[in-house]
Amino acid sequence: MTLQIGEPAPEFELVNQYGESVRLSDHRGRRPVVLVFFPLAFSATCTGELCVLRDNLGLFQSADAELIGISVDSKASLRAWAEQEGYRFDLLADFWPHGEVARRYGVLLEEKGYANRGTFVIDADGILRASFLTGPGEARDLEAYRAALAELTRAG
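Report follows, based on the coordinates. Being a predicted model, the structure only gives us computed values, none of them experimental.

1. Brief notes about the packing of aromatic side chains
So, step 1. Scanning all chains against the criterion turns up ten aromatic pairs.
So, step 2. Seen in terms of ring centroids, F37 and Y105 are 5.4 Å apart; in terms of plane orientation they differ by 40°. Their pairing is tilted. Placement of the pair is F37 in strand β3 (residues 33-37) and Y105 in the loop between α4 (100-104) and β6 (108-109), with a sequence separation of 68 residues.
So, step 3. With relative accessibility at 3%, the residue Y105 sits in the buried group.
So, step 4. Taking the centre distance of 5.8 Å and the plane angle of 90° together, the rings of F37 and F120 count as edge-to-face.

So, in structure tokens, the structure goes:
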């Protein structure tokens, strides 16, 4: 499935690192959402990427956007990783059915069993406004987030 800019983002419900249920529609009418799919907790590239996001939360706050990470890891793994690295944003467990949300967003690497690095910027109405992908092992650039968040302003 290839998602198109301007189309509704696929709805989902997953649990965060604390076992709390999070739905995309929880944010509808309230604030934009930036979904950051990543392969695996505790891996070097993923840790580096999410630490950059942690250290630049102001970028998302100034856009009034909710930052949410998603991987196929269990909520227990995500919680331990978030506590170790000081992540203060939701990390969602796309654990079961395994990778189903990543599949809906077109970023599940079926042969590997985990998500590719895909980022989706969704406005407060649930419409996809920007997205970008990087290849396996290739970290996303903070400038790509800035450009994607700028699309919220243009669309608004």
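2. Quick word on the state of the cysteines
So, step 1. Evaluation of the coordinates by the stated rule reveals zero disulfides.
So, step 2. Of all cysteine sulfurs, the one in C51 lies closest to C46, which takes part in no disulfide; the gap is 11 Å.

Rules used throughout
- Residues numbered from 1 in each chain as written.
- Predicted model: local features only at pLDDT ≥ 70, side-chain atom pairs only at ≥ 80, totals over all residues.
- Heavy atoms only, no water.
- Phe/Tyr/Trp six-rings, centres within 6.5 Å; stacked < 30°, edge-to-face > 60°.
- Helix = DSSP H or I, 4+ residues; strand = E, 2+ residues; numbered from the N terminus.
- Buried < 20%, exposed > 50% of the residue type's maximum accessible area, 1.4 Å probe, protein only.
- Disulfide = S-S within 2.5 Å.

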